[in-house]
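Report on the structure
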Amino acid sequence: MINITFPDGAVRQYEQGSSALDIAKQISEGLARKVLAAEVNNEVWDAKRPINNDAEIKFLTWDDEKAKSTFWHSSAHLMAEAVEGMFPGVKFWVGPPLEKGFYYDIDLGDNVIAEEDLKKLEIKMAELAKQNNAYQRKEISKEEAVKYFSEKGDEYKLDLLSGLNDGGITFYTQGNFTDLCRGPHIPSTGFVKGIKLTSIAGAYWKGDEKNKMLTRIYGVTFPTQKELDEYLILLEEAKKRDHRKLGKELGIFTMDDDVGPGLVLWMPNGTVIIEELEKLAKETELQAGYKRVLTPHIGKESLYLTSGHLPYYKESMYPPMELDGVKYYLKAMNCPHHHKIFAAEQHSYKDLPFRLAEYGTCYRYEQSGELFGLMRVRCLHMNDAHIYCTREQFAQEFRAVNDMYIKYFKIFGIEKYVMRLSLHDPKKLGQKYVNEPELWIETENMVRQVMKDADIPFVEVQDEGAFYGPKIDVQVWSTIGREFTLATNQVDFAQGKSFKLEFTNQNNEAETPLIIHRAPLGTHERFIGFLLEHYAGKFPLWLAPVQVKILPISDKFLEYAKNVLNKLKIADIRVEIDERSEKIGKKIRDTELMKIPYMLVIGEREVNEEKISIRRQGKGDMGSKNLEEFIELLKEEVKSKKAVV
RNA sequence: GCCAGUGUAGCUCAGUUGGCCAGAGCAGCUGAUUUGUAAUCAGCUGGUCGGGGGUUCGAAUCCCUCCACUGGCUCCA
């Protein structure tokens, strides 16, 4: 007998070799029907895997993220079985679960798969699921596994095997499909009910663009059709919040073939938002001791050779224009220009930290396939600044930047974010990273310490640093689930040297400053793209391009309405009037769709009472007030920067 | 850049196996209407069917090529 400890601390005895599923069955059949996998001593196991020693166990059902992963990974195997049935002889790489769903990377050989085939595969998967085949685990020696895949001629699985040690290797089989897999899996295919294969994509083998491109099929499955349907509806809803759709509908931005891909034209409504954001940045940075500068959009080749950007960055810069034998590049970053401003004057340690800020316009020739709405563009306006400081000042400055991020995130109601410490890869020193092994370690430690001291949670990732130093990237998720880097805070120990930047220290010696590059609001493009999805186009009052729309019921009340318009304008409110001879219902509908926060309905009653009727976007009629009162409310709301939910 | 897909009026979309001057709704314009909290009515304008080339008696429909966009990969603020 073995002792099994349950999450509530209860200990019960079971026969040696009982599986989690056996145990669940003894508790109740209902539970057993729901168990997808089990955590055995904090490791996820197949529910049917025999337990031979005393253990702590926890049943995993659909509600548990780990069970979902197991479910989706098992679904990937199910899809692989269907694919193998359709295209015999194909080879499989890996098929991991995702946050929502799964994929499998497949070498289809000479076969081509089209979107229509996904339907067929779904049907095939449903058939196979219905057979309710068990996922059978088998421990196997490395020799035997190598033999199996050698005979199959499967170089991919052999490659996986080469990285595995003998002893821990397992095969999983369901129906006619056997895969090298560490598991775990759900008990049988019958659990998979709602099946949707979402897309086909190419993916480089091992994520390296020099390697062969495999076919990746994405899918998602659920234990019931109903849950799948609900998920698909959710996806449809998410599309409505897409910043590209909203951007067009609300007149925020546009792009044009004749201007060029990735080049954003900010329309009047978008420009209002940009100006408000810049106002916020200016106020915030002024208080934080930054000085504003303005620099040209181009620079000579020599500038980028000095900075060291050119060798690392040339591919993503617009090609140079040549004048009188000198090459000029469009700037892809503002730092070299700022460094030259630092260099233009003598600096004493007493001047430091020296902080230069600019909403700098940069041009990056991103690969065509990388462009994506506002999130990835070729002309961007960066909320950039460079801080020149001493080593002693570094910690405090770096922390102040992080604090600024958090302050901004509060204003915008950004609750979900992760700070990511991006480190170098020692193997790539001299290639992707400047060859200063000690400085890398030193600055990485400095940043790590700052984060720890400030008690800010962060994750560390290898091989993600800037070429000149480690950085903190801030990952955010828009409400529709897109993840991207919004802000960045970088240490630079290299450019100070290469630009021969100096200050005089207490001992009257020349010393090179450390440089912090930072962009808390990222770029206008990405930030506004994010905000569009974050607010679903319903911008808080302070950012709303049009804050108030006046809706006269008929032109009889136009004069009064225009009077209101002028008073609001004088109060610095962004206000418009709808003079069309449409019915009030129509005017309201159009204004609601444009997501304008306040509507003022003006008819006979308002004129007689010298009031205005207020309607709040999404909330309906709010009753009437006199105009002065309303203006005060507006001013307060603007000042609070709060979003109405 | 790579893999797969899409590209028809300002927008959202129809357009059957290639075959009468390419359609609808919304928007726009003109007129009527003067309206009380999410769509008033009528008429009209508007399209080299992404560009170019080819197959064919005939192409929005088939083929090639280029461009743009979409979903991914690589890359990234």
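Look above for the structure.
Residues numbered from 1 in each chain as written. Chains lettered and ligands numbered in written order. Predicted model: local features only at pLDDT ≥ 70, side-chain atom pairs only at ≥ 80, totals over all residues. Heavy atoms only, no water.

**Some points on the packing of helix α17 (residues 558–570) against helix α20 (residues 627–640)**
It is at 11 Å that the axes of α17 and α20 come closest, and there the two elements cross at 35°. Here α17 runs over α20; the crossing is right-handed. Seen from α17, the contacting residues are V564, K567 and L568; seen from α20, they are L627, E628, F630, I631 and L634. Its residues placed into classes, the contact of α17 with α20 shows six nonpolar, no polar and two charged. (Axes fitted to C-alpha atoms, helices over the stretch in contact; angles between N-to-C directions. Helix = DSSP H or I, 4+ residues; strand = E, 2+ residues; numbered from the N terminus. Left-handed = near helix turned anticlockwise from the far one by under 90°. Contact = heavy atoms within 4.5 Å. Nonpolar A, V, L, I, M, F, W, Y, C, P; charged D, E, K, R; others polar.)

**Side note on the sheet that holds strand β35 (residues 620–625)**
Read from one edge to the other, the open sheet built from five strands follows the order β32-β31-β33-β34-β35, with strand pairing classed as mixed. The open sheet terminates on both sides in strands that have one partner only, identified here as β32 (575–577) and β35. Going across the sheet, the axis of each strand differs from the next one's by a mean of 25°, ignoring polarity. Each of β31 (548–552), β33 (598–602) and β34 (612–616) touches helix α18 (residues 584–593); the most contacted strand, β31, lies at about 170° to it. (Pairing = 2+ DSSP bridges.)

**Brief notes about the side chain of Q393**
Looking at where Q393 falls in the secondary structure, it is placed in helix α13 (residues 391–411). At a separation of 3.1 Å, a polar atom in the side chain of Q393 contacts the main-chain carbonyl oxygen of L352. Contact partners of Q393, with chain neighbours within four places excluded, come to L352 and P353. (Polar contact = N/O pair within 3.5 Å; in protein donor to acceptor, adjacent residues only side chain to side chain.)

**Brief notes about unusual backbone geometry**
The step from G183 to P184 runs through a cis peptide bond, and the omega angle for that step is -5°. At the junction of L352 and P353, the peptide bond is cis and its omega measures out at -5° in the coordinates. Inspection of the secondary structure puts P353 in the loop between α12 (335–343) and β22 (354–363). Of note in this structure, A536 is not a glycine but carries a positive phi near 55°. Locating A536 in the fold gives a position in the loop between α16 (524–534) and β31.

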